[in-house]
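Read off the chains here:
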Amino acid sequence: MRYLLLIFAALMLSGQRDPILVPEISQHEVRVRQGFTGTELLLFGAILDPRGQRAGREYDIIVVLRGPSEPIRLREKERVGGIWMNTESSDFRSAPAFFAVASSRPIEEIVDTKTAAIYEFGTDYIQLSPSGVIDTDEQLRFSRGLVDLRTREGLYKQDMDGVTITEQVLYQSRISLPSNVVTGTYTAETFAVTRGRVIASAVTQVEVRKVGFERAVEVSAENYGLLYGLVAVFLSIFTGWLAGRLFAMV
Amino acid sequence: MDVYLPIANLSVNGLLIVALGGLTGILSGLFGVGGGFLTTPLLIFYGIPPTVAAASASTQVTGASVSGVIAQNSRGGVDFQMGAVLIAGGMVGAGLGAILFRFFQSVGQIDVVINILYVVMLGTIGAMMGREALQTLFRKDGEKPPPRRRRHHPLVTALPLRYRFYRSGLYISPLAPLLLGLAVGTLTMLMGVGGGFILVPALLYILGMSANVVVGTSLFNILFVTIATTIMHSLTTKAVDMVLVALLLIGSVTGAQIGTKLAFQVKPEILRLVLAALVLSIAFVMLFKLGVRPDEVYTVQLLENV
C-alpha cells in the first residue's frame, strides 16, 4: 500500500517522463545486543518508468545512509611547551553520527560539484553546520579533521563503486555499520541521476537500537545513576568475596 | 570472543580484557596495591574512552581489595580508627575530584591532566621505591639498616588536636590522615586508581605508621573510597560500564589469589624492585606519549542536546 501511494505521489509530482524509485532495505531495525560486532545493510530497490516498462535509459544511483545528527565540539591538539594538548575547538550543530555514500560510478563523473554539495554526495560535502564565529579556512580545517577522524573510525565512508545496477531496473548496495555506531533513526536516501540531474529520490528509515540487557544497562546508567552505582559496587564486592572463598577451599 | 560494551559503545575482545584484569590482579596480590594504575592506561591504549576506563577501573579495584581486606583483618592488620579518618578525607576528596573532573572535561583538558598526574605520581613513587629496594638488596649481610632519624614528618607533629591511634602505634593529629585521605580520594576520582601505591608509602614515611597495619589499613581505605568514586561516577559522568567491570573482575579476583600465593615465594625487596621498574616504565611511556604527536589530533566531545 505504501509503495502504491509512493508511486502515485511520484507520478503526480514528476510528470510523465521521470522514473520512480522504489527503495527497500534488508532490515528496518538493527538490534544492538551482546556480541554485536556491526552489521551489513543491504539497500536495494527498483527504478520504474511511469509507463510501467523498465526505465530503459542510462541511470546512475547514489545511496546516502546517515545516522542521527548530534551537536558536537571538536577539539584540536597542539604542541604547547613540549606536550600535546587540546587548544582550539570548533562546534558543529549537526554532525551526523554515521554517514555513508555509495554510488554506481565515481561521483565526479555523475554530477558536478554544485549538485554534489547540495545533495551531500560525498564525505567532503557533509553539511555540518559549524557554529560560532570562526573564519572559513579554520572551519575547513576543522571539518576536514572531523571527516578524516570519523573516516578512520569507520563512521564516515564513501564507496564509488558500491551500487550495482542490473538491467537498468534493479539496484543494490551494501553498507556496513561498525560496532561503534550510535543508536537512533538512520535515513537511507536513494537518488537516481541522469545527465548530471537528480531525477528521482526516495527515503527509507532504519532504526538502530539497543535491546535486552544492553538496553537495560544503558537506560539504568542514564536514569538511575545511584542504583546503578550500588549494583556495580555490590557486583565487585561479591565477586571479590566469592573468589576469596573459592580459593580458600582449594 | 567479541563482547559488546553497552556504555563504552563498542565491541571488544572479551578474553583480552579478562587477561588484562588477571595481570592487574596478580600485581595486586603480589604487591598489595589495587592495580588500577595499570588497568586505566592499558584500557585507554586499547581504545576504551578515557572516562569509561577511569570509572570502570575504580569499580574493579573495589572487588580486588575486598579479599585483601578480609585476609588482612583476620590477622589484625587493619586500624579501623585510622581507616575511618582516611575514609572521611577520601569521601571529601572524591567529591572534590568529581568537581575537578567535570571542570577539566568541560575545558577539554581532562586527558592531559590524567596523563600528567600519571607521569608525576608514578615517576616519583617509582623512583622512591626503586631506590629503597636497591639499598636493601645491596646492603651486606649482618649490616644493620640505617637508623631512622624521626618517626613522622615534622609537619605532622605540628598539627593540633593529637589523638592516640593504638593499632598504628601513633599519637598524632587526625588532621594529618584526613588530609592524606583527601588527596588520595581526589586522585582516585581523577585517575581511576585505588591510590594504594601512594597511600602505602605515605602512611609509612609521612605518618610513621607501624608496618604491620599499613597494607591492611590502606586496602580498607581503598575499598571505601573506590565505592564512593563508583557511586560518584554513576551520578555524574555515567561512565561505569558494568560489562567491562565484570570482565575485569573475573580476571582480577582470580589473578589476585594467584598473586598472593606467589608473593610468599619471592624476596620482598625483589618484588618491590620489580614493582618500581613497572611503575617507572608506565610513567615513561606516558611521558613519551605526551611529547610525541598523537595518532588523533582531533577529538570529538558530544554537547548536551539543547
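Rules of the game
Residues numbered from 1 in each chain as written. Chains lettered and ligands numbered in written order. Predicted model: local features only at pLDDT ≥ 70, side-chain atom pairs only at ≥ 80, totals over all residues. Contact = placed C-beta atoms within 7 Å. Nonpolar A, V, L, I, M, F, W, Y, C, P; charged D, E, K, R; others polar. Pairing = 2+ DSSP bridges. Helix = DSSP H or I, 4+ residues; strand = E, 2+ residues; numbered from the N terminus. Axes fitted to C-alpha atoms, helices over the stretch in contact; angles between N-to-C directions. Parallel < 35°, antiparallel > 145°, perpendicular 65-115°, else oblique. Left-handed = near helix turned anticlockwise from the far one by under 90°. UniProt positions renumbered as here; feature names shortened; annotations may be inferred. Buried ≥ 20, exposed ≤ 12 C-beta atoms within 10 Å, placed from the backbone. pLDDT = per-residue confidence, 0-100. Domains from an automatic or database assignment. Core = buried A, V, L, I, M, F, W, Y, C linked by C-beta atoms within 7 Å. Expected span 1.5 Å × (residues − 1). Arc of directions from axis to C-beta.

Chemist: Can you help me understand the interface of chain A and chain B in this one?
Modeler: Many authors give the size of an interface as the accessible area that is lost as the parts come together. Taken together, the contacts link 46 residues of chain A with 46 residues of chain B. The residue inventory of the side of chain A that touches chain B, partitioned by class, reads 21 nonpolar, 15 polar and 10 charged. Of the pairings in the sheet, the one linking strand 5 (residues 69–80) of chain A to strand 5 (residues 298–302) of chain B comprises 5 bridges and is antiparallel in character. Bridging across to strand 5 of chain B, A:R73 finds its partner in B:Q301.

Chemist: It is not clear to me how the packing of helix 7 (residues 175–191) of chain B against helix 8 (residues 196–207) of chain B should be interpreted in this structure. Could you clarify?
Modeler: Two quantities define a packed helix pair, namely the angle between the helix axes and the distance between the axes. Residues and elements named next belong to chain B. For the pair helix 7 and helix 8, interaxial distance at closest approach is 11 Å and the crossing angle is 160°. The angle between helix 7 and helix 8 places the two elements in the roughly antiparallel class. Between helix 7 and helix 8 the crossing geometry is right-handed. Mapping the contact onto sequence places A176, P177, L180, V184 and L187 in helix 7 and I198, L199, A202 and L207 in helix 8. Grouping the amino acids of the contact of helix 7 with helix 8 by side-chain chemistry returns 9 nonpolar, no polar and no charged.

Chemist: Please clarify how the UniProt feature "transmembrane region" (unreviewed entry) in chain B should be interpreted in this entry.
Modeler: Sites flagged by UniProt as "transmembrane region" (unreviewed entry) map to residues 12–38, 83–104, 110–130, 170–190, 202–227, 239–258 and 270–288 of chain B. Along residues 270–288 of chain B one finds 100% helix and 0% strand; the C-alpha atoms at either end are 27 Å apart.

Chemist: Is there a simple way to think about the sheet that holds strand 5 of chain A in this case?
Modeler: Strand pairs in the sheet, formed through backbone hydrogen bonds, run parallel or antiparallel to each other. Here 4 strands make up an open sheet; going across it, the order is 8(A)-6(A)-5(A)-5(B) and the pairing antiparallel. At either end of the open sheet lies a strand with only one pairing partner, and these are strand 8 (130–131) of chain A together with strand 5 of chain B. Here strand 6 (residues 83–96) of chain A runs beside strand 8 of chain A; their pairing, made up of 2 bridges, is antiparallel. Directly across from A:F92, in strand 8 of chain A, lies its bridge partner A:P130. Across the face of the sheet, helix 4 (residues 136–152) of chain A comes into contact with strand 5, strand 6 and strand 8 of chain A together with strand 5 of chain B while running at roughly 105° to strand 5 of chain A.

Chemist: Any chance you could explain the packing of helix 3 (residues 50–74) of chain B against helix 10 (residues 242–263) of chain B here in plain terms?
Modeler: Residue and element names in this part refer to chain B. Following both chains from N to C, one finds helix 3 and helix 10 inclined at 30°, their axes separated by 9 Å at the closest point. Between helix 3 and helix 10, the angle is such that the two are roughly parallel. In this structure, helix 3 crosses over helix 10, and the sense of that crossing is right-handed. Counting all contacts with helix 3, which are made through S56, T59, Q60, G63, A64 and S67, the residues of helix 10 involved are L244, V245, L248, L249, S252, V253 and A256. In the contact of helix 3 with helix 10, the residues fall into 7 nonpolar, 6 polar and no charged.

Chemist: Would you take a moment to explain the pairing of strand 9 (residues 156–159) of chain A for this structure?
Modeler: Look at any regular strand and the pattern is simple: side chains alternate between the two faces of the sheet. Residues and elements named next belong to chain A. On strand 9, burial follows the alternation: Y156 and Q158 on one face are buried, whereas K157 and D159 on the facing-out side are not. Note: strand 7 (residues 99–103) against strand 9, 4 bridges, orientation parallel. When the sheet's bridge partners are listed, F99 is paired in strand 9 with Y156.

Chemist: Is there a simple way to think about the confidence of the model for chain B in this case?
Modeler: This prediction gives chain B a mean pLDDT of 80; 89% of its residues lie at or above 70. Scoring of the predicted complex yields 0.77 for pTM and 0.80 for ipTM.

Chemist: Explain the environment of B:L20 here, please?
Modeler: All names here are of chain B. You can see L20 is positioned in helix 1 (residues 14–31). Classification of L20 by C-beta neighbours within 10 Å gives buried; the count is 23. A sequence separation of 228 residues divides L20 from L248, and the C-alpha atoms of the two residues are 7.0 Å apart. The residues contacting L20, other than those within four sequence positions of it, are T39, L42, L248 and G251.

Chemist: How should I be thinking about the environment of A:R215 in this particular structure?
Modeler: Turning to its location among the elements, A:R215 is positioned in helix 5 (residues 212–223). Sequence separation of A:R215 and A:R33 is 182 residues, and the distance between their C-alpha atoms is 7.9 Å.

Chemist: Would you take a moment to explain the domain arrangement of chain A for this structure?
Modeler: Residue and element names in this part refer to chain A. You can read the domains of chain A as domain 1 (2–210) and domain 2 (211–250). Broken down by secondary-structure element, the contributors of at least two residues to the side of domain 1 that touches domain 2 are strand 2 (29–32) and strand 13 (197–210). Of the residues belonging to the side of domain 1 that touches domain 2, the class tally is 1 nonpolar, 1 polar and 4 charged.

Chemist: For this particular structure, what's the right way to read the sheet that holds strand 4 (residues 60–66) of chain A?
Modeler: Residue and element names in this part refer to chain A. Pairing in this open sheet of 6 strands is mixed, and the strands run 2-13-12-4-7-9 from one edge to the other. Each end of this open sheet is capped by a strand with a single partner; those strands are strand 2 and strand 9. Each strand of the sheet is rotated relative to its neighbour by a mean of 15°, with strand direction disregarded. The pairing of strand 4 with strand 7 spans 5 bridges and is classified as antiparallel. For V63, the partnering residue across the bridge sits in strand 7 and is A102.

Chemist: Please explain the nonpolar core as it appears in this structure.
Modeler: Nonpolar side chains tend to gather and get buried jointly when the protein is soluble and globular. Grouped together as the largest cluster of nonpolar side chains are 148 residues, with contacts concentrated most on A:I62, A:V63 and B:L5. Of all the elements, helix 9 (residues 211–235) of chain B adds the most residues to this core, at 13 residues. Two domains share this core, each providing at least three of its residues, namely domain 1 (2–210) and domain 2 (211–250) of chain A. Residues in contact with A:V63, not counting those within four places in the same chain, are A:L43, A:A102, A:V163, A:S173, A:A188 and A:T190.

Chemist: What should I look at first to understand helix 4 of chain A in this one?
Modeler: Note that an α-helix has 3.6 residues per turn; residues three or four places apart therefore point the same way. Its 17 residues place the ends of helix 4 of chain A 24 Å apart at the C-alpha level, agreeing with the 24 Å of an ideal helix rising 1.5 Å per residue. Considered for burial, the residues of helix 4 of chain A that qualify are A:F142, A:S143, A:L146, A:V147 and A:R150. Seen end-on, helix 4 of chain A carries its buried residues on one side only, within an arc spanning 130°. Pointing more than 90 degrees away from the buried face of helix 4 of chain A are the exposed residues A:D137, A:L140 and A:R152. The inward-facing, buried residues of helix 4 of chain A abut strand 5, strand 6 and strand 9 of chain A together with strand 5 of chain B. Looking one or two residues past helix 4 of chain A, A:G154 carries a phi angle of roughly 80°, positive in sign.

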